[in-house]
Amino acid sequence: MKELHVGIVGATGMVGQEFIKILDQRHFPVASIHLFASDKSAGKSVTVRQQKLTVQETSEDSFKGLDLVFFSAGTDVSKHFAPFAARAGAVVVDNSAAFRMDPDTPLVVPEINPEDCEHHHGIIANPNCSTIQMVVVLYPLHKVNPIKRVIVDTYQSVSGTGLPAVEELKSTSRAVLDGKPAEPHVYPHQIAFNMLPEIDVFMENGYTKEEWKMVTETRKIMHAPDIAISATCVRVPSLIGHSEAVHVEFTRPMSPGEARRILTEAPGVKVQDEPTAHVYPMPWTAAGQDDTFVGRIREDASHPNGLAMWICADNVRKGAALNGLQIAEAMMERGWL
Ligand SMILES: NC(=O)c1ccc[n+]([C@@H]2O[C@H](COP(=O)([O-])OP(=O)(O)OC[C@H]3O[C@@H](n4cnc5c(N)ncnc54)[C@H](OP(=O)(O)O)[C@@H]3O)[C@@H](O)[C@H]2O)c1
């Protein structure tokens, strides 16, 4: 298999570090790896595949000779630098929200719409973490019985905000337990022993941007522009793993047994559904795993065509780095990279 020259922008961050780990774990065919971050981290040494590599400051000239560049350094960095990488001839897989809703940019979850990658213009967008884990479960059901409406409430871990937020949960939890003040820096309020119904900024319609991403991105990935979706996204004091309570209305009734059968066969999904034996998905057990876990599948008592379910996944892996690498793998398999 062809070996690629790979760049990682945001290599010192939560997602960038996971990219480095997963490249190795999945034996991705790499000819060379180039690590980029801000000027703050330039010169830092990072071990990749038993080799010490030096982090470089990201610049417009960083991308010459690279085949594939993963961006996970925030929307502003992607907006500015990703077009330079694409113009230098690399395929960009971007983790930020910068290009997701651009009609010329494919937004891809490889279990659902890998074929959309074919028509890229240099940049392919990785969806938002909470969207990815929801659509991986909903799409196989939608193919059998089209979904009309989704109500989703999320319980999102602090790792979704990056490394400084993980540190903030740890330090403020210690402070609270020691009876000391827990000063927030990353979040607007204390996150330790608390929950914040605010992820990303508020929009004029009263939803947050994170909630609106779940609406627009789900429709784009599933090629289902008419699905009605309402989301409430909540930051909770867990470290890794996002959870979602999802209520789905189908065109026709679907029994929990049929949904379980479909999801047992679905790629990237594991059914964990023996509630009386206390078997159901949890963020703690989803952390570090590649699959998206679903359980508590039951009839929605409020609608004859409805099902309710509980979904958990590792937001840094399937919600970010793993999905990004799977995009690259899907393109390589098809000879597009
Ligand atoms: N965490 C998740 O679960 C998750 C899931 C999906 C998508 N994402 C997206 O992935 C991106 C990164 O998230 P993260 O959680 O990894 O954040 P993070 O832990 O805070 O890391 C941010 C990374 O960006 C780099 N960076 C910051 N400013 C830069 C600049 N001007 N030029 C180049 N690099 C710069 C940082 O480098 P320094 O160390 O030098 O500051 C660091 O490597 C965000 O767009 C986020 O929305 C995250």
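Here the structure is shown first, and the text comes after it.
Rules of the game
- In every chain, residue numbers begin from 1 and rise along the written sequence.
- Only residues with pLDDT of at least 70 get local features here, since the model is predicted, and only at 80 or more are side-chain atom pairs given and counted; chain-wide, interface and lining totals rely on the full set of residues.
- Only DSSP runs of H or I covering at least 4 residues are called helices, and only runs of E covering at least 2 are called strands; the numbering of each starts at the N terminus.
- With C-alpha atoms as the basis for the radius of gyration, the globule rule is written as 2.2 Å multiplied by the number of residues raised to the power 0.38.
- Buried means a residue has 20 or more other C-beta atoms within 10 Å of its own C-beta, exposed means 12 or fewer, and partly exposed covers the counts in between; C-beta atoms are placed from the backbone.
- Contact between two residues is assigned whenever their backbone-derived C-beta positions fall within 7 Å.
- Whether a residue is near a molecule or strand depends on its C-beta atom, generated from backbone atoms, being within 6 Å of that molecule or strand.
- Only Asp, Glu, Lys and Arg are considered charged, only Ala, Val, Leu, Ile, Met, Phe, Trp, Tyr, Cys and Pro nonpolar, and every remaining residue, Gly among them, polar.
- For every domain, the bounds stem from an assignment made automatically or drawn from a database.
- At least two bridges found by DSSP between two strands are what make those strands a pair.
- Note on geometry: axes are lines fitted to C-alpha atoms, helical ones only across the stretch in contact, with angles between N-to-C directions running from 0 to 180 degrees.
- Here, a nonpolar core means buried Ala, Val, Leu, Ile, Met, Phe, Trp, Tyr and Cys residues linked by C-beta atoms lying within 7 Å of one another.
- Expected helix span is computed as 1.5 Å times (number of residues minus one).
- Between 65 and 115 degrees an angle is taken as roughly perpendicular, under 35 as roughly parallel, over 145 as roughly antiparallel, and anywhere else as oblique.
- Here a crossing is called left-handed whenever its near helix is offset anticlockwise from the far helix by less than a right angle, and right-handed whenever the offset is clockwise.

Q: Honestly, the overall build of the protein in this entry has me stumped. Any pointers?
A: Counting its regular elements, the protein contains eight helices and 14 strands. Taken against the 2.2 N^0.38 rule, which gives 20 Å for 337 residues, the C-alpha radius of gyration of the protein at 20 Å falls within 12% of a compact globule. A principal-axis box enclosing the C-alpha atoms of the protein has dimensions of 60 × 55 × 40 Å. When burial is assessed residue by residue, the protein has 46% of its 337 residues classed as buried. In the protein, the share of contacts with a sequence separation of at least 24, taken over all contacts with a separation of at least 6, comes to 66%.

Q: In this structure, what is going on with the site of the ligand? I would like to understand it.
A: Around the ligand, a shell composed of 30 residues is seen, among which Gly 13, Ala 37, Ser 41, Ala 73 and Gly 162 lie nearest. Those elements giving two or more residues to the shell around the ligand turn out to be α1 (14-25), α2 (75-87), α4 (163-177) and α8 (317-333). Among the elements that make up the shell around the ligand, the one with the highest residue count is α1 (three residues). Broken down by class, the residue content of the shell around the ligand amounts to twelve nonpolar, 17 polar and one charged. Structurally, the shell around the ligand is a two-domain feature, drawing no fewer than three residues from each of domain 1 (4-127 + 320-333) and domain 2 (131-315).

Q: What exactly am I supposed to notice about the sheet that holds strand β13 (residues 292-299) here?
A: Sheet architecture is open: six strands sit in the order β10-β9-β11-β14-β13-β12, paired in mixed fashion. At either end of the open sheet lies a strand with only one pairing partner, and these are β10 (228-235) and β12 (269-271). Direction aside, neighbouring strands of the sheet carry axes that sit 20° apart on average. Bridge analysis of strand β9 (residues 147-156) against β10 gives eight bridges, and the strand direction is parallel. Within β10, the position partnered with Gln 156 by the bridge is Arg 235. Sheet strands touched by helix α5 (residues 209-221): β9 and β10. Its angle to β10, the strand with the most contacts, is close to 145°.

Q: Looking at this model, I keep getting lost on the sheet that holds strand β6 (residues 68-71). Mind explaining?
A: Hydrogen bonds between backbone atoms are what pair the strands of a sheet, whose relative direction is either parallel or antiparallel. The strand order across the open sheet built from six strands is β5-β2-β1-β6-β7-β8, with neighbouring strands paired in parallel fashion. Here the strands that pair on one side only, and so sit at the sheet edges, are β5 (56-57) and β8 (123-125). Relative to strand β2 (residues 30-37), strand β1 (residues 4-9) runs parallel, the two sharing six bridges. Bridged to Leu 4 within β2 is Val 30. This element, α8, spans β6, β7 (91-94) and β8 of the sheet and lies at about 150° to β7.

Q: So what exactly am I meant to see when it comes to the nonpolar core here?
A: Nonpolar side chains tend toward joint burial in soluble globular proteins. Val 69, Val 92 and Ile 311 are the most contacted members of the largest nonpolar core, which totals 89 residues. Counting residues per element, this core draws most heavily on helix α3 (residues 129-144), which supplies nine residues. In terms of domain composition, this core takes at least three residues from each of domain 1 (4-127 + 320-333) and domain 2 (131-315). Not counting the four nearest positions on each side in its chain, Val 69 is found in contact with Gly 7, Val 9, Phe 63, Ala 85, Ala 90 and Val 92.

Q: Just to check I follow, could you spell out the environment of Arg 298 for this structure?
A: With respect to the helices and strands, the residue Arg 298 is situated in strand β13. Sequence-wise, Arg 298 and Thr 47 are 251 residues apart; in three dimensions their C-alpha atoms are separated by 46 Å.

Q: Would you explain the environment of Glu 299 in this entry?
A: By the element assignment, Glu 299 lies in strand β13. For the pair Glu 299 and Met 254, spaced 45 residues apart in the sequence, the C-alpha separation amounts to 8.3 Å. When near neighbours in sequence (up to four residues on either side) are disregarded, Glu 299 contacts Pro 256, Gly 306 and Leu 307.

Q: Looking at this structure, how should I read unusual backbone geometry?
A: Peptide bonds are mostly trans, and most non-glycine residues show a negative phi. The phi dihedral of His 27 falls on the positive side, at around 50°, and the residue is not glycine. Even without being glycine, His 278 reaches a positive phi, approximately 65°. One can find His 278 in the loop between β12 and α7 (283-286). Judged by the 7 C-beta atoms lying within 10 Å of it, His 278 is exposed.

Q: Can you help me understand the pairing of strand β4 (residues 51-54) in this one?
A: The two faces of a sheet get side chains in turn, since along a regular strand they alternate between them. Pairing analysis gives four bridges linking strand β3 (residues 45-48) to β4, with the strands arranged antiparallel. Within β4, the position partnered with Val 46 by the bridge is Leu 53. The turn linking β3 back onto β4 is made up of two residues, and Arg 49 within it adopts a positive phi angle of 50°.

Q: Mind showing me how you'd approach α8 here?
A: An α-helical turn contains 3.6 residues, so any two residues separated by three or four positions project in the same direction. With 17 residues, α8 should cover 24 Å at 1.5 Å per step; its first-to-last C-alpha distance of 21 Å lies more than 12% under that length. Most of α8 is tucked away: 14 of the 17 residues are buried. Positive phi appears at Gly 335, one or two residues downstream of α8, with a value of about 75°.

Q: Could you clarify how one ought to interpret the packing of α3 against α5 in this entry?
A: Contact geometry of α3 with α5 gives a least axis separation of 9 Å together with a crossing angle of 45°. The pairing of α3 with α5 is recorded here as oblique in orientation. The handedness of the crossing between α3 and α5 is right-handed. Residue-level contacts link Ser 130, Thr 131, Met 134 and Val 135 of α3 to Lys 213, Met 214, Glu 217, Thr 218 and Ile 221 of α5.

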